[in-house]
Amino acid sequence: MSGPILSIFYLSFTKAKQPVVIQIDLLYDVNRKESKDAYILALIFNFIAKTLAAFCAALFVLTAVLVFLLLNFEHTLLNAETYKRALIASNIYEQFPALVSEQLSIVGEFLADPCAANPLGCSIDGASPELQTCLIEILGEEAYVEIGSGQRNPTDAELEDSQACLDQFGKAASQPGQESEVIENSLINASAEVQECIKTALGDETYETFSKAQREPTEAETQQINTCFDQIGDSSQPNRPQVAGPMVFLNNLTSEQWQALILHLLPPDDLQYMIESTLDQAFAYFNGETNTAKIPLDKLKARLTGQAGEDFILLLINVQPPCTEDQLSQINTGDFGEDGKSPVLCLASGKSLDTLLTELQKQLTEAVSTIPVESVFIKPPSSSDPSSGNGPLGKDPQTALRWIHRGLNLSPLLPLVLLLLVTLFGVRSRKGWLLWWGIPIFIVGLITLSIGVAAKPLFEWAWGKFALAKIPVLLSTSDLPVIGHDIVRFAIKDLSKWIMIEASLISLLGLGAIIFSSRAGQKTEQTAFPTPSPEEKNEESS
């Protein structure tokens, strides 16, 4: 590209009144003999053009970095394939039964003794004004609020420092034997039938030990106590969460039995199919491709029917306590209770097992028939539902999502237009073109490359600084936060990888243009002045 893009034409009149056009080049021919005013005006226009070019170049860098990051964000973090790979890499499908079992155990321990995980927090809850004042002075107001609201557990030093306040104004933060007292109160308040069942299962001596809170029961003893509460139907059962209603038989499952049950219902391949289909549906919705999203349940239904359903029932029967005489009588007479109540479920054998199995298969088939093939978790907007248009995307979220998606796809046009404006105002030669394009592109590459390199350390810092503090105490001891961290880190790592690869190519492109500009010769095209005739020269000299 050569030649001036902006020139000033100065009219000079000879004595013969013949106009002579004198072209004043703003860039190249400043040494010509033009008038002083035209020369100054040329410098002003040249300065304005270069200033506009520099301003457009700065805007290009800003918008190009933003557009580059948004496009990578869309193609990576808003892509279902990223999270499919993250779930596979974290081995979530094989770990799922153990995770659910672990979480059920944690919830059970929490419901049995909510103060075990955060005893100081329980002391803060409902504390007297004197105790509150003392703890705030010892812990500080910020720590007092965090511990009292359950945002975090107290440190050993905080427990030790607060004990003086608790000794003076309230109960101790930690009370050994608290679980024994809970068992004692539960046994005392239990019905005579439950007490007799526990005595029969554990022996009179062991029962007296627990009723006097002399020691805590073992896991096996707790299981037997819970079984008595389940069989008699007493609602005062201690120590673990209750499954109420028709599913009360699930209270007897241990951690290993829960894992076997979940593995039967959702084997890894079926679970992967269900989660990946759900991810596809969810991201299709967010990309504006559909107005609803569903969870497929066909694999789950198949695991509850036919031979798989019979295996499921046998699995439940085998983990139940042996049938009592009353239960065997109910099974043999066909008295399986009313609808909505807990079914008769115990470890039967022989003809009683066959009868029980047939009835349970019938009940299971009826229950499975009510399960849909797909469950909607994002409903399409409905004009009859007044709350359907109250979201951040308005009454028609799909149209809004499509416009957002279309805007992201067209966003590269903005930096391209700015780059063309840089060319219009600043480029006068091949060398100038390489410089005016190469330097901004190189800067864009460096900035985005720096962001890609810093993405993973920045995520780790943000996770430790903000995310961990927001995890509920109930989940802090499980593996769920670790798995969540691994999945997000995988997505950030994938995003960072693509940003660094693409930014490196952009940086090399800009650097190559800068290097090549130093070797490119600057070609100047100048417009020659009209050659005056001999008569005009004589007139001008005279």
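Structure: above.
Residues numbered from 1 in each chain as written. Predicted model: local features only at pLDDT ≥ 70, side-chain atom pairs only at ≥ 80, totals over all residues. Heavy atoms only, no water.

Q: Talk me through the overall build of the protein chain; I want residue IDs and the actual numbers.
A: The helix and strand tally for the protein chain stands at 23 helices and four strands. Residues classed as buried in the protein chain amount to 36% of the 542 residues present. Partitioning the intrachain contacts of the protein chain with sequence separation of at least 6 by distance along the chain shows that 72% fall at a separation of at least 24. Counting every atom, the protein chain has about 30900 Å² of accessible surface; 60% of that belongs to carbon and sulfur. (Helix = DSSP H or I, 4+ residues; strand = E, 2+ residues; numbered from the N terminus. Buried < 20%, exposed > 50% of the residue type's maximum accessible area, 1.4 Å probe, protein only. Contact = heavy atoms within 4.5 Å. Areas by Shrake-Rupley, 256 points an atom, 1.4 Å probe, with all protein chains shown as cover.)

Q: Before we move on, could you go through the pattern of salt bridges and cite the residues and values that matter?
A: Counted according to the given criterion, the structure contains six salt bridges. Linking Asp494 and Arg85 is a salt bridge whose minimum nitrogen-to-oxygen distance equals 2.7 Å. Linking Asp494 in helix H22 (residues 480-517) with Arg85 in helix H2 (residues 80-89), this pair joins segments that are 409 residues apart in sequence. Since its relative accessible area comes to 9%, Asp494 is described here as buried. The salt bridge partner of Asp486 is Arg489, with a shortest N-O separation of 3.3 Å. Placement of both Asp486 and Arg489 in helix H22 is noted, with a separation of three residues, approximately one turn of the helix. Given a relative accessible area of 37%, Arg489 falls into the partly exposed group. One salt-bridge network, in which partners are shared between bridges, spans Glu81, Lys84 and Asp280. (Salt bridge = Lys/Arg side-chain N within 4 Å of Asp/Glu carboxyl O.)

Q: So, the packing of helix H1 (residues 36-76) against helix H18 (residues 397-410): which residues are in play, and what are the values?
A: It is at 9 Å that the axes of H1 and H18 come closest, and there the two elements cross at 125 degrees. Taken together, the axis directions place H1 and H18 in an arrangement best described as oblique. As H1 runs across H18, the sense of the crossing is left-handed. Here Leu70, Leu71 and Glu74 of H1 come into contact with H18, specifically with His405, Leu408 and Asn409. (Axes fitted to C-alpha atoms, helices over the stretch in contact; angles between N-to-C directions. Parallel < 35°, antiparallel > 145°, perpendicular 65-115°, else oblique. Left-handed = near helix turned anticlockwise from the far one by under 90°.)

Q: Just give me the short version of the side chain of Glu74, but keep the residues and values in it.
A: Topologically, Glu74 is positioned in helix H1. No salt bridge is formed by the buried Glu74; the nearest opposite charge belongs to Arg406, separated by 11 Å. (Lys, Arg positive; Asp, Glu negative; His and termini not counted.)

Q: Tell me about the packing of H1 against H22, and please be specific about residues and values.
A: With their axes 10 Å apart at the nearest point, H1 and H22 run at an angle of 140 degrees to one another. Between H1 and H22, the interaxial angle falls into the category oblique. As H1 runs across H22, the sense of the crossing is right-handed. Note on element contacts: H22 touches H1 through Ala491, Asp494, Leu495, Trp498, Ile499, Glu502, Ala503 and Ile506, opposite Phe68, Leu69, Asn72, Phe73 and Thr76. Residue composition of the contact of H1 with H22, by class: nine nonpolar, two polar and two charged. (Nonpolar A, V, L, I, M, F, W, Y, C, P; charged D, E, K, R; others polar.)

Q: Got a sec to walk through the state of the cysteines? Specific residues and values, please.
A: Linking two cysteines covalently via their sulfur atoms produces the bond known as a disulfide. Scanning all chains against the criterion turns up two disulfides. Between the sulfur atoms of Cys134 and its disulfide partner Cys165 the distance amounts to 1.8 Å. Where Cys134 bonds to Cys165 through sulfur, the torsion about that S-S bond is close to -70 degrees, and the disulfide is left-handed. Note that Cys134 is positioned in helix H5 (residues 129-139) and Cys165 in helix H7 (residues 156-169), a separation of 31 residues in sequence. Residue classification places Cys134 among the buried positions, given a relative accessible area of 13%. Among the residues examined, Cys165 registers a relative accessible area of 1% and is labelled buried. Sulfur-sulfur distance for the disulfide between Cys323 and Cys346 comes to 1.8 Å. Linking Cys323 and Cys346, the disulfide has an S-S dihedral of approximately 90 degrees and is accordingly described as right-handed. (Disulfide = S-S within 2.5 Å.)

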